[in-house]
Amino acid sequence: MRILGFTYEWGKLQQDEFTTFRLKRKDKDWQFGETVQIFFKPRSKYRRKLGEAEIIRKELRPVLAMNGLTDAEAVEDGFANRDAMLRFLVKAHGSLPELMNKLTLRWIERLKLC
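Owing to the predicted nature of the structure, the values given are computational and were not obtained by experimental measurement.

Undergrad: Please provide a residue-by-residue account of the nonpolar core, values included.
TA: Core analysis: the biggest nonpolar cluster contains 25 residues, and Leu-4, Ile-38 and Leu-105 have the highest contact counts within it. Elements represented by at least two residues in this core include exactly strand 1 (3–6), strand 2 (17–23), strand 3 (35–40), strand 4 (48–62), helix 2 (82–93) and strand 5 (99–110). In this view, Leu-4 contacts Thr-20, Arg-22, Trp-30, Val-36, Gln-37, Ile-38, Phe-39, Leu-103 and Leu-105; residues no more than four positions away in its chain are not counted.

Undergrad: Please give an account of the sheet that holds strand 1 that cites residues and values.
TA: With respect to topology, five strands assemble into an open sheet ordered 1-3-4-5-2, the strand pairing being mixed. Taken across any chain shown, the strands that pair with only one partner, and hence form the sheet edges, are strand 1 and strand 2. Taken over all neighbouring pairs, the strand axes of this sheet differ in orientation by 40° on average, direction set aside. In terms of strand pairing, strand 1 meets strand 3 through four bridges, oriented parallel. Counted as the bridge partner of Phe-6 is Phe-40 from strand 3.

Undergrad: Can you explain the environment of Glu-9? Please cite residues and give values.
TA: Tracing the backbone shows Glu-9 in the loop between strand 1 and strand 2. Spatially, the C-alpha atom of Glu-9 lies 7.1 Å from that of Phe-40, the residues being 31 residues apart in sequence. Non-local contacts of Glu-9, meaning those with residues more than four positions away in its chain, are made with Phe-40 and Arg-48.

Undergrad: Explain the pattern of salt bridges residue by residue, including any values.
TA: If you walk through the whole model with that rule in mind, you get twelve salt bridges. Among the ionic pairs, Arg-110 bridges to Asp-16, the shortest N-O distance being 2.7 Å. Taken together, the positions of Arg-110 in strand 5 and Asp-16 in the loop between strand 1 and strand 2 put the pair 94 residues apart, joining distant regions of the chain. Look at Arg-110 and you get partly exposed, because its relative accessible area is 32%. The class of Asp-16 is exposed, set by a relative accessible area of 55%. Residue Glu-73 pairs with Lys-102 through a salt bridge whose shortest N-O separation is 3.0 Å. Taken together, the residues Glu-73 in helix 1 (residues 71–76) and Lys-102 in strand 5 connect sequence positions 29 residues apart.

Undergrad: A description of helix 2 should follow, citing residues and the corresponding values.
TA: Note that an α-helix has 3.6 residues per turn; residues three or four places apart therefore point the same way. Helix length check: helix 2, at twelve residues, gives a terminal C-alpha distance of 16 Å against a target of 16 Å (1.5 Å per residue), a fit within 8%. Of the residues making up helix 2, those classed as buried are Arg-82, Ala-84, Met-85, Leu-86 and Leu-89. For helix 2, the secondary structure elements touched by its buried residues are strand 2, helix 1 and strand 5. Capping the start of helix 2, Asn-81 holds a side-chain oxygen 3.1 Å from the backbone nitrogen of Asp-83, two or three residues further along.

Analysis parameters
Residues numbered from 1 in each chain as written. Predicted model: local features only at pLDDT ≥ 70, side-chain atom pairs only at ≥ 80, totals over all residues. Heavy atoms only, no water. Core = buried A, V, L, I, M, F, W, Y, C linked by side-chain atoms within 4.5 Å. Buried < 20%, exposed > 50% of the residue type's maximum accessible area, 1.4 Å probe, protein only. Helix = DSSP H or I, 4+ residues; strand = E, 2+ residues; numbered from the N terminus. Contact = heavy atoms within 4.5 Å. Pairing = 2+ DSSP bridges. Axes fitted to C-alpha atoms, helices over the stretch in contact; angles between N-to-C directions. Salt bridge = Lys/Arg side-chain N within 4 Å of Asp/Glu carboxyl O. Expected span 1.5 Å × (residues − 1). Polar contact = N/O pair within 3.5 Å; in protein donor to acceptor, adjacent residues only side chain to side chain.

The structure is reproduced here in structure tokens:
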């Protein structure tokens, strides 16, 4: 089972269903119906398992196109607006990707958050 990690404890992680945007993977892209382990800071000594979730929807989305990423989606994802999300992506990845996966997940097992 693969790990889907978060660097921040976004408020959306408290919801039964939540969305996240992820880069398209070159090895094996995220799949509809896939069960993933959700971790906070997965590559840190402070890593903490938050639970397991199922990918219940996957959409490949253009980032900069007019019909791509919207302000509402950026806010739902935990950002102040679309521009704040784009700045985060540039800081995290060095540039803006052309396409991203919009994943909707549903908790299967959510561990108690401290």
